[in-house]
Amino acid sequence: MGLDYRDFQAAAQEMIQSMIASGAVSKPGGGKYVLAVSSVVNDTMQHIDTDQLVKKMRVGLLRSGKVVVTTAVSANGAEDKMAMQTRKELRGNEEFKQSTVAKKGNMIAPDLSLSGKIIQRNIKIDRSTQQVEYYFQMTLTDINTGLAIWEDEQVIGKRGSNKSVAW
Amino acid sequence: MRFSSAVIIVSSLLLGGCATSSSPEPKGDSVVNVIKQECGNSEIIIKDIKGRKKPDGFMQVQVIGESNSNTYQRLEYRIVWFDKQGFTIDSILSKWRVVPAYAHQPFSINAVSPSTKAKTFRLYIRNEKEIICDKQDDGLE
């Protein structure tokens, strides 16, 4: 009754397709949007690594050719902490040729932010059967305006014995 | 659910870049009908497959079918996308996906290409019992 990789794959497929079909990732005039991944909240009763969903979406969006993802900005600071730390530590360090060190003011700020939530609802069907519904909700926000330019929800339902339902 | 047999089919849509055709490349939003004749079996009929290149460069495919079955059928479909050189474009959007076909009801499939590099596609539809449709068409009219 729990979520497996097929569920994350199916949810990611639907989300990517929905996002591309909506035109939200197609930058007017061409070019690529820079996307920052915000938080995906796990509001279920299971331990879920939300990166399973987010990573699939990131890969799909990157391959669309319309989006690049920044690892310098995320809900919990820089995702690639070493990249950020290295920039600072090497700058001014005489051991390194300074012309090869990343310069200030070169990093690209994100245009879009991807956030979401996974919700679980348990529904009792009869004395021995329950249905668990997982709601995958995602939002794409235009950071400049603060407006949500795309949103979608995918529902994955699973039915099984009461005994197998994780509360 | 286990699928004992598979494949189906369907089509290859060329929206430009076809070496064997002198037809002009359709502009954005041009709609190309991929099949002109229905295909399928006694229970599932694929009536229409059409595709278009959207103004933002992505391809969009729509498949219309109808179930003549008395029972619900769980169909699966997969679209493999190709670039203009005929190489497959690897994407999560090319994995098998489920489409429900309810008894005596029409159903549809809508898909977009994973990349603007997609120039052609091949569509496969299967159910758990048999091949539903086996038809290929170059798409250009």
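Residues numbered from 1 in each chain as written. Chains lettered and ligands numbered in written order. Predicted model: local features only at pLDDT ≥ 70, side-chain atom pairs only at ≥ 80, totals over all residues.

*Asks:* Even after reading the chapter, I still don't get the nonpolar core, so can you show me in this structure?
*Replies:* The tendency in soluble globular proteins is for nonpolar side chains to be buried as a group. Core analysis: the largest hydrophobic core is formed by 50 residues, its most contacted members being I16, L35 and L53 of chain A together with F121 and L123 of chain B. The element best represented in this core is helix 1 (residues 5-22) of chain A, accounting for 7 residues. With residues near it in sequence (within four places) discarded, I16 of chain A still touches M57, G60 and L61 of chain A together with I92 and L93 of chain B. (Core = buried A, V, L, I, M, F, W, Y, C linked by C-beta atoms within 7 Å. Buried ≥ 20, exposed ≤ 12 C-beta atoms within 10 Å, placed from the backbone. Helix = DSSP H or I, 4+ residues; strand = E, 2+ residues; numbered from the N terminus. Contact = placed C-beta atoms within 7 Å.)

*Asks:* Before we go on, may I ask you to explain the environment of M82 of chain A in this structure?
*Replies:* By secondary structure assignment, the location of M82 of chain A is in helix 3 (residues 81-90). Classification of M82 of chain A by C-beta neighbours within 10 Å gives exposed; the count is 9.

*Asks:* Quick question: what am I supposed to make of the sheet that holds strand 2 (residues 67-74) of chain A here?
*Replies:* Whenever strands of a sheet pair, they do so through backbone hydrogen bonds, lying parallel or antiparallel. All names here are of chain A. With respect to topology, 5 strands assemble into an open sheet ordered 2-1-3-4-5, the strand pairing being mixed. Two strands in the sheet have a free side with no partner beyond their single neighbour: strand 2 and strand 5 (147-161). With direction set aside, neighbouring strand axes in the sheet form an average angle of 30°. Pairing of strand 4 (residues 129-142) with strand 5, which is carried by 14 bridges, proceeds in the antiparallel orientation. Residue pairing across strands places L140 opposite W150, the latter belonging to strand 5. (Pairing = 2+ DSSP bridges. Axes fitted to C-alpha atoms, helices over the stretch in contact; angles between N-to-C directions.)

*Asks:* Looking at this structure, I do not really get the environment of N127 of chain B. What am I missing?
*Replies:* All names here are of chain B. Assignment of secondary structure puts N127 in the segment after strand 8 (120-126). Classification of N127 as buried rests on a count of 22 C-beta atoms within 10 Å. Distance in space between the C-alpha atoms of N127 and E76 is 6.3 Å, their sequence separation being 51 residues.

*Asks:* Teacher, can you tell me more about the sheet that holds strand 8 of chain B here?
*Replies:* Residue and element names in this part refer to chain B. Pairing is antiparallel in the open sheet, where 3 strands are placed in the order 6-5-8. Taken across any chain shown, the strands that pair with only one partner, and hence form the sheet edges, are strand 6 (97-101) and strand 8. Each strand axis lies, on average, 30° off the axis of its neighbour in the sheet, ignoring direction. Pairing of strand 5 (residues 73-82) with strand 8, which is carried by 7 bridges, proceeds in the antiparallel orientation.

*Asks:* How do you make sense of the packing of helix 1 of chain A against helix 2 (residues 51-63) of chain A when you look at a structure like this?
*Replies:* Any two packed helices are characterised by the angle at which their axes cross and by the distance between the axes. Residues and elements named next belong to chain A. Look at helix 1 against helix 2: their axes get within 9 Å of each other, and the N-to-C directions meet at 40°. In terms of orientation, helix 1 lies oblique with respect to helix 2. In this structure, helix 1 crosses over helix 2, and the sense of that crossing is right-handed. Contacts between helix 1 and helix 2 involve F8, Q9, A11, A12, M15 and I16 from the first element and Q52, L53, K56, M57, G60 and L61 from the second. Here the contact of helix 1 with helix 2 is composed, by residue class, of 8 nonpolar, 3 polar and 1 charged. (Parallel < 35°, antiparallel > 145°, perpendicular 65-115°, else oblique. Left-handed = near helix turned anticlockwise from the far one by under 90°. Nonpolar A, V, L, I, M, F, W, Y, C, P; charged D, E, K, R; others polar.)

Keep in mind that these numbers describe shape and distance, not what the molecule does.
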